[in-house]
Amino acid sequence: MNAGTGFLCAAAGLLVASAIKFWALRKNPRDPLLRAVTATLFVAALLFVTAAPPNLVAINKLFGIPNIAAPIVYSILTAFDGVSIMLLIHWRGNDDPRVTRRQTRLCLATYATVAVAIYVLFALGDAPVERIRDLDTYYAGTPWIREMILLYLAAHTVAAVTMLVLSRRWSRQVPGTLKVGLLLIAAGSAGTFSYDLLKYTAIVARWLGHDWDWLSTNVAFTLAGCSAFLVSAGFLLPPIGQGIGSRWRASRRFRRLQPLWLEIRPEIPHTSPPPMPWWQPVEHRLMQRERDIFDAVLRLTPWFDRSTGAKVYALALAEHSDSRRARGEADACVIAHAVVLKSRAAPAVPPGDRWTLSSTEDSDDLVTMSTAMLRSPRVEVTRQSTALVEHSA
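Residues numbered from 1 in each chain as written. Predicted model: local features only at pLDDT ≥ 70, side-chain atom pairs only at ≥ 80, totals over all residues. Heavy atoms only, no water.

**A short note on the nonpolar core**
Item 1. Residues Trp91, Met148, Ile149, Tyr152 and Phe235 are the most contacted members of the largest nonpolar core, which totals 67 residues.
Item 2. When residues of this core are traced back to their parent elements, those giving at least two are helix 1 (3-27), helix 2 (32-51), helix 3 (53-63), helix 4 (69-92), helix 5 (97-124), helix 7 (145-171), helix 8 (176-207) and helix 9 (213-256).
Item 3. Per-element accounting of this core gives the leading share, 15 residues, to helix 4.
Item 4. Apart from the residues lying within four places of it in its own chain, the contact partners of Tyr152 are Tyr74, Leu77, Ile118, Asp136, Tyr195 and Lys199. (Core = buried A, V, L, I, M, F, W, Y, C linked by side-chain atoms within 4.5 Å. Buried < 20%, exposed > 50% of the residue type's maximum accessible area, 1.4 Å probe, protein only. Helix = DSSP H or I, 4+ residues; strand = E, 2+ residues; numbered from the N terminus. Contact = heavy atoms within 4.5 Å.)

Now the structure itself:
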């Protein structure tokens, strides 16, 4: 794969990601963090599009000015540096929103000034010979063009060091995908700093009469694409990882609640909506399942027998000494007992003799109860003995 194809593939992926974030931004336009993420992804995609070597030639032809692509790419790179730091500021957060806004404005104003200065310096200079890969070294001694090159590199270096320090420092304080994302940003920033050092070295070598252009045109060029990709991936990973993690936890909870839901399904009110199809978001299906369980439990409450719960709880606690698990088994047995009683139209248990379940609004308690419904042999024994007694009666 050549450099142009690689750059355009990276740009396509980032454009898709930015389009997804832009769609989310339409629903929540006032979210500053979401705005920062969307801007970062879009500018990164734009940078990959414009920096692809075939597009550099096309931009020069489009404007009819030799090397006009250089300040355009440099200014977009400067914008990427600015929005990346801005995203880190919003990501890190601050107890005082005014501090965050002030830091954001200062960052954007600084990098916007650098971007404007890049165009001014290019206009003041003279770069008549088109150079696609080695402009930095070819014009390293040209007045004004030299200053333009050094200005964009200086802004790039400041951004790289800032992001490296902030992301490394913050990664020590957070776990999970956020930590991995920050480490990716740190790695990309280290690569960016190395890119700048290679550029500086090649430029200084030109000033001293040496030809080390390969450091800039080959090594630094390759490093730039890898670094930008790592930084973009680092910003993109935490929201994606958190979304996947949230869906996985919801899906797992949804599956683990199935035994309890199947047990009390006959008691779900007929006025309740039917179960959502599988293609609906699992978070919505989980909410519906938990609501159905809660409604059915309310309908079964008059048949919750205290003696059944107390007996199972004592046996389970004596067996494995885990009070929460024992309580879950007792609750499951009480529900199984109540389902049979109600289905046989048995009289309700007097209020003073009723068993009180663990909180049905706690997902962990519901899961413990559902697990016991599936695995505890005492539930089946309770179900069969209750059915036998009611049949005999």
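So much for the structure itself; the text now carries on.
**Observations concerning unusual backbone geometry**
Item 1. For Asn67, which is not glycine, the phi dihedral falls at a positive 70°.
Item 2. Counting through the fold element by element, Asn67 comes out in the loop between helix 3 and helix 4.
Item 3. Backbone geometry places Trp144, a non-glycine residue, at a positive phi of 70°.
Item 4. In this structure, Trp144 sits in the loop between helix 6 (135-138) and helix 7.

**Side note on a nonpolar patch on the surface**
Item 1. Taken together, the side chains of Val116, Val120, Leu124 and Trp144 make up a nonpolar region of the molecular surface, amounting to roughly 380 Å² of accessible area.
Item 2. Along the chain, Val120 turns up in helix 5. (Patch = residues over 30% accessible without salt bridge, like charges linked within 9 Å, V, L, I, M, F, W, Y side chains within 5 Å. Areas by Shrake-Rupley, 256 points an atom, 1.4 Å probe, with all protein chains shown as cover. Salt bridge = Lys/Arg side-chain N within 4 Å of Asp/Glu carboxyl O.)

**So, the packing of aromatic side chains**
Item 1. A full pass over the atoms with the stated rule returns 2 aromatic pairs.
Item 2. Ring centres of Tyr74 and Tyr152 lie 3.8 Å apart, and the angle between their planes is 10°; on these two criteria the pair is classed as stacked. Residue Tyr74 is located in helix 4, and its partner Tyr152 is located in helix 7; the two are separated by 78 residues in the primary sequence. For the residue pair Tyr74 and Tyr152, the accessibility class agrees, reading buried in each case.
Item 3. Seen from their ring centres, Tyr138 and Tyr139 are 4.9 Å apart, and the 75° between their planes marks the pair as edge-to-face.
Item 4. Overall, Tyr138 belongs to the partly exposed group, its relative accessible area being 34%.
Item 5. Positioned over the ring face of Tyr138 is Arg131, at 4.3 Å from the centre of the ring.
Item 6. Over the face of the ring belonging to Phe254 we find Arg289, whose NZ or CZ atom lies 3.8 Å from the ring centre. (Phe/Tyr/Trp six-rings, centres within 6.5 Å; stacked < 30°, edge-to-face > 60°. Lys NZ or Arg CZ within 6 Å of the ring centre and 35° of its normal.)

**What to know about the pattern of salt bridges**
Item 1. What the rule picks out here adds up to 11 salt bridges.
Item 2. Here Arg146 makes a salt bridge to Glu147, at a shortest N to O gap of 3.0 Å.
Item 3. Residue class for Arg146 comes out partly exposed when judged on its relative accessible area of 26%.
Item 4. Using a relative accessible area of 30% as the deciding quantity, one classes Glu147 as partly exposed.
Item 5. In this structure, Arg378 engages Glu329 in a salt bridge whose closest nitrogen and oxygen atoms are separated by 2.8 Å. Taken together, the residues span a long stretch of sequence, with Arg378 in helix 15 (residues 377-392) and Glu329 in helix 13 (residues 323-343) at a distance of 49 residues. The two residues Arg378 and Glu329 agree in class, both being buried.
Item 6. Salt bridges here are not isolated pairs; linked through shared partners, they connect Glu319, Arg325, Glu329 and Arg378.

**Considering empty space enclosed by the protein**
Item 1. As enumerated under the stated definition, the model contains 1 cavity of 30 Å³ or more in all.
Item 2. As for the largest cavity, its lining consists of 38 residues, of which Ala51, Val73, Leu77, Tyr195 and Ala224 are closest to the centre.
Item 3. Elements with a minimum of two residues in the lining of the largest cavity: helix 2, helix 3, helix 4, helix 6, helix 7, helix 8 and helix 9.
Item 4. Top element by residues in the lining of the largest cavity is helix 9. It accounts for 8 residues.
Item 5. For the lining of the largest cavity, the residue count by class is 23 nonpolar, 9 polar and 6 charged. (1 Å grid on protein atoms, 1.4 Å probe; cavity = no way out; pocket = protein on both sides within 12 Å on 5 of 7 lines; lining within 4 Å. Points joined across faces, edges and corners; volume = space filled by probe spheres on them. Nonpolar A, V, L, I, M, F, W, Y, C, P; charged D, E, K, R; others polar.)

**Remarks on helix 5**
Item 1. Between its first and last C-alpha, helix 5 extends 41 Å over 28 residues, near the 40 Å set by a 1.5 Å rise per residue.
Item 2. If you check which residues of helix 5 are buried, you get Val99, Thr100, Thr104, Cys107, Tyr111, Val114, Ala115, Ile118, Leu121 and Phe122.
Item 3. Looking at the buried side of helix 5, the elements it contacts are helix 4 and helix 7. (Expected span 1.5 Å × (residues − 1).)

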